[in-house]
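Residues per chain are reported as follows:
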Amino acid sequence: MATRNIIIDTDPGQDDAVAILLALASPELNVLGITAVAGNVPLSLTQKNARIVCELAGFPETKVFAGCEAPMSRTLVTAEHVHGKTGLDGPQLDAPTMPLQDQHAVDWIIETCRAAPAQSITLCPLGPLTNIATALTRAPDIKDAIQEIVLMGGAYFEVGNITPAAEFNIYVDPEAAKIVFEAGVSLTAMPLDVTHKALTTQSRVDAFRNMGTKVGDMTAAWTDFFERFDKEKYGSAGAPLHDPTVIAYLIKPDLFTGRHINVEIETQSELTLGMTVADWWGVTDRTPNCMFMGDLDADGFFALLAERLATLG
Ligand code: RIB
Ligand code: CA
């Protein structure tokens, strides 16, 4: 089986945690390393949470790096109201014992890409794009090594979740998002338009809980906690499991449908800051720069999740 080399850039976050579990459980993917960024909670917690998840998955040898602790030019906005104070609220978790790598995440991304063959690394940002944009700015030459960027972020038909206009990952660091969307690298986005169709319904959460494994129990406890906010806000039958859609796309792209369109990032207007202005209907002559996903086979997505997570202890 041809494996795909990936770097997961993440701000765990319960949904990030499930995405990391899915990646580590999938033989199609070779996780070169995990880079933590400030987002859902501060960097001191996202780097710790990433290590907790790797140990839970049974992969304590995974290299985890701490990256940027604040957006490129703005004050950090966090989301404890969604994810809890720790970022992984829900179950009781032990502190990690595996080490955090000494090297800064951005330096490691640059070094790893510079040492890699052309188009051999897929970047999987699951949080604000600060680490990725900083690496691209400091070392534009790393674009040669990037096969594609597949990220969770943005919204068009679903509009915003942190403001009426913007999705959280883009909103936290819109300047970083603009750099990534204008980098000219092959780009696929999983916006709220698709993640809001990936709802943690009771039967889907029961599938995790019925695994009878610690991974299944933790995943069920995380989704139970994480979904309370969105179910109340949207009155939906579950919460959107955002970040695992990125990993599922790498494994089974046919689960998803979208359009290759132009997407621009609003960085000037305070009212619509962080909006992904997606030309879904092709009403401009702007150059398409992003495969912007719009729909998924939700049952197929959760079946893949349950199948792969069940292989972990
Ligand atoms: O808007 C949802 C995104 O913001 C997800 O990646 C979630 O983990 C938070 O980072
Ligand atoms: Ca995230």
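Residues numbered from 1 in each chain as written. Chains lettered and ligands numbered in written order. Predicted model: local features only at pLDDT ≥ 70, side-chain atom pairs only at ≥ 80, totals over all residues. Heavy atoms only, no water.

## Quick notes on the site of ligand 1
Here comes step 1: Asp-15, Leu-126, Glu-167, Asn-169 and Asp-243 are the nearest of the 13 residues found near ligand 1.
Here comes step 2: Residue Leu-126 places a main-chain N or O atom 2.8 Å away from an oxygen atom belonging to ligand 1.
Here comes step 3: Computed on the free molecule, ligand 1 has an accessible area of 280 Å², of which 97% lies beneath the protein chains in the complex.
Here comes step 4: When atoms are counted within 2 Å of each cavity's grid points, the one that captures over half of ligand 1 is the largest cavity.
Here comes step 5: Taken together, the elements giving at least two residues each to the shell around ligand 1 come down to helix H1 (14–24) and helix H6 (168–172).
Here comes step 6: By residue class, the composition of the shell around ligand 1 is three nonpolar, five polar and five charged. (Near = heavy atom within 4 Å. Polar contact = N/O pair within 3.5 Å; in protein donor to acceptor, adjacent residues only side chain to side chain. Areas by Shrake-Rupley, 256 points an atom, 1.4 Å probe, with all protein chains shown as cover. 1 Å grid on protein atoms, 1.4 Å probe; cavity = no way out; pocket = protein on both sides within 12 Å on 5 of 7 lines; lining within 4 Å. Sits in = over half its atoms within 2 Å of the grid points. Helix = DSSP H or I, 4+ residues; strand = E, 2+ residues; numbered from the N terminus. Nonpolar A, V, L, I, M, F, W, Y, C, P; charged D, E, K, R; others polar.)

## Side note on the packing of H1 against helix H10 (residues 214–234)
Here comes step 1: Between H1 and H10, whose axes approach to 9 Å, the crossing angle comes to 155 degrees. Accordingly, the angle class assigned to the pair H1 and H10 is roughly antiparallel. Seen from above, H1 lies across H10 with left-handed handedness. In contact with Gln-14, Asp-15, Ala-17, Val-18 and Leu-21 of H1, H10 contributes Val-215, Thr-219, Trp-222, Phe-225 and Phe-226.
Here comes step 2: Grouping the amino acids of the contact of H1 with H10 by side-chain chemistry returns seven nonpolar, two polar and one charged. (Axes fitted to C-alpha atoms, helices over the stretch in contact; angles between N-to-C directions. Parallel < 35°, antiparallel > 145°, perpendicular 65-115°, else oblique. Left-handed = near helix turned anticlockwise from the far one by under 90°. Contact = heavy atoms within 4.5 Å.)

## So, the coordination of the calcium ion (ligand 2)
Here comes step 1: Protein-derived ligands of the calcium ion (ligand 2) are Asp-11 (OD), Asp-16 (OD), Asp-16 (OD), Leu-126 (O) and Asp-243 (OD), with the metal-ligand distances lying across 2.2 to 2.6 Å.
Here comes step 2: Read N to C, the donor residues that coordinate the calcium ion (ligand 2) are spaced as D-x4-D-x109-L-x116-D. With a gap of 117 residues between them, Leu-126 in the loop between strand E4 (121–125) and helix H5 (130–138) and Asp-243 in the loop between H10 and helix H11 (244–251) connect regions that are remote in the sequence.
Here comes step 3: Of the residues examined, Leu-126 reaches a relative accessible area of 1% and is grouped as buried. (Donors = N, O, S within 2.8 Å, 3.2 Å for Na, K, Ca; no water. Buried < 20%, exposed > 50% of the residue type's maximum accessible area, 1.4 Å probe, protein only.)

## Focus: a nonpolar patch on the surface
Here comes step 1: A cluster of nonpolar side chains, Phe-157, Trp-281 and Val-283, forms an exposed patch at the surface whose accessible area comes to about 390 Å².
Here comes step 2: Locating Trp-281 in the fold gives a position in the loop between strand E9 (276–278) and strand E10 (290–296). (Patch = residues over 30% accessible without salt bridge, like charges linked within 9 Å, V, L, I, M, F, W, Y side chains within 5 Å. Salt bridge = Lys/Arg side-chain N within 4 Å of Asp/Glu carboxyl O.)

## With respect to the side chain of Gln-14
Here comes step 1: Relative to the assigned elements, Gln-14 resides in helix H1.
Here comes step 2: Overall, the relative accessible area of 1% leaves Gln-14 in the buried class.
Here comes step 3: Look past the residues within four positions of Gln-14 in its chain and what remains in contact with it is His-83, Gly-87, Leu-88, Asp-89, Trp-222, Phe-225 and Phe-226.

## What to know about the packing of aromatic side chains
Here comes step 1: Evaluation of the coordinates by the stated rule reveals six aromatic pairs.
Here comes step 2: Both rings, one in Tyr-156 and one in Phe-157, keep their centres 4.9 Å apart while their planes meet at 70 degrees; by these two values the pair is edge-to-face.
Here comes step 3: On the numbers, 6.0 Å between centres and 80 degrees between planes, the contact of Phe-157 with Trp-281 is edge-to-face. Of this pair, Phe-157 sits in the loop between strand E5 (146–152) and H6 while Trp-281 sits in the loop between E9 and E10; the two residues are 124 residues apart in sequence, bridging distant segments of the chain.
Here comes step 4: By relative accessible area, which is 47% here, Phe-157 ends up partly exposed. (Phe/Tyr/Trp six-rings, centres within 6.5 Å; stacked < 30°, edge-to-face > 60°.)

## Concerning the layout of surface pockets
Here comes step 1: For the largest pocket, the calculated volume is near 170 Å³.
Here comes step 2: For the largest pocket, the full set of lining residues is Leu-45, Lys-48, Asn-49, Ile-52, Thr-86, Leu-88, Asp-89, Pro-91, Gln-92, Leu-93, Asp-94 and Ala-95.
Here comes step 3: Grouping the constituent residues of the lining of the largest pocket by class yields six nonpolar, three polar and three charged. (Points joined across faces, edges and corners; volume = space filled by probe spheres on them.)

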